[in-house]
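# Chains, contacts and geometry: an overview
Residue-level listing of the chains:
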Amino acid sequence: MPADEAEGLVTDLLSPPTVDEAGDGYLELDFTGPATVRLGPYPGMAANDVVTVRWALWDERWESRLRIPGTQVGRAVTVLIPNPYVTRSATWVSYAIDRFGGGTSESEVLALNGAAPEPRRP
């Protein structure tokens, strides 16, 4: 096991999610939500993996967990973020995969609305 793993650090991050309504890194001025978060098929995607999508503001956090059905393997995953959490303030979006076969993978963080880069887990 590499030293990084022994210390609990994640070295291979998955691609960050995208937000349909934030093509330039900012939510559209007239946007009122909900926001559409997409994550592409990820390496090793398998039926019964559990995906946790995180939407974090400075003082609030929203999460959605979903189990990947067999029919979804190899396809993009879409999650809607409810209106109360969708604002034009600094926002960090990421996801984690609890793999059915064991282990966890983390994505890179997508920073929106002028948010400075944030640690892996918003």
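As the structure is a computational prediction, the values presented were derived from the model and not from experiment. Here the residue index of a chain counts from 1 through its sequence in written order. Per-residue local features of the predicted model are confined to residues with pLDDT of at least 70, and side-chain atom pairs are confined, for both listing and counting, to 80 or more; whole-chain, interface and lining totals are unaffected and use all residues. To get the side-chain values, take all heavy atoms of the structure and skip hydrogens and water.

## Notes on unusual backbone geometry
Trans peptide bonds make up most of the peptide bonds, and negative phi angles are found at most residues other than glycine. For the record, the criterion: Strands are runs of DSSP state E lasting at least two residues, helices are runs of H or I lasting at least four, and both sets are numbered from the N terminus onward.
Located in the positive-phi region is Asn48, a residue other than glycine, with phi close to 75°. Mapped onto the secondary structure, Asn48 falls in the loop between strand 2 (35–39) and strand 3 (50–56).

## Re the pattern of salt bridges
Between side chains of opposite charge, pairing is possible as soon as their charged atoms come close. As a reminder of what qualifies: By definition here, a salt bridge exists when the distance from a side-chain nitrogen of Lys or Arg to a carboxyl oxygen of Asp or Glu is within 4 Å. Any residue under 20% of the maximum accessible area for its type is buried, any over 50% is exposed, and the rest in between are partly exposed; the area is computed with a 1.4 Å probe on protein chains only.
Scanning the model with the defined rule gives five salt bridges in all. Linking Arg54 and Glu106 is a salt bridge whose minimum nitrogen-to-oxygen distance equals 3.1 Å. Within this pair, whereas Arg54 is found in strand 3, its partner Glu106 is found in strand 7 (residues 104–106), the two being separated by 52 residues in sequence. In this structure, Arg54 and Glu106 share a single accessibility class: buried. Where salt bridges share partners, they join Arg54, Arg61, Glu63 and Glu106 into one cluster.

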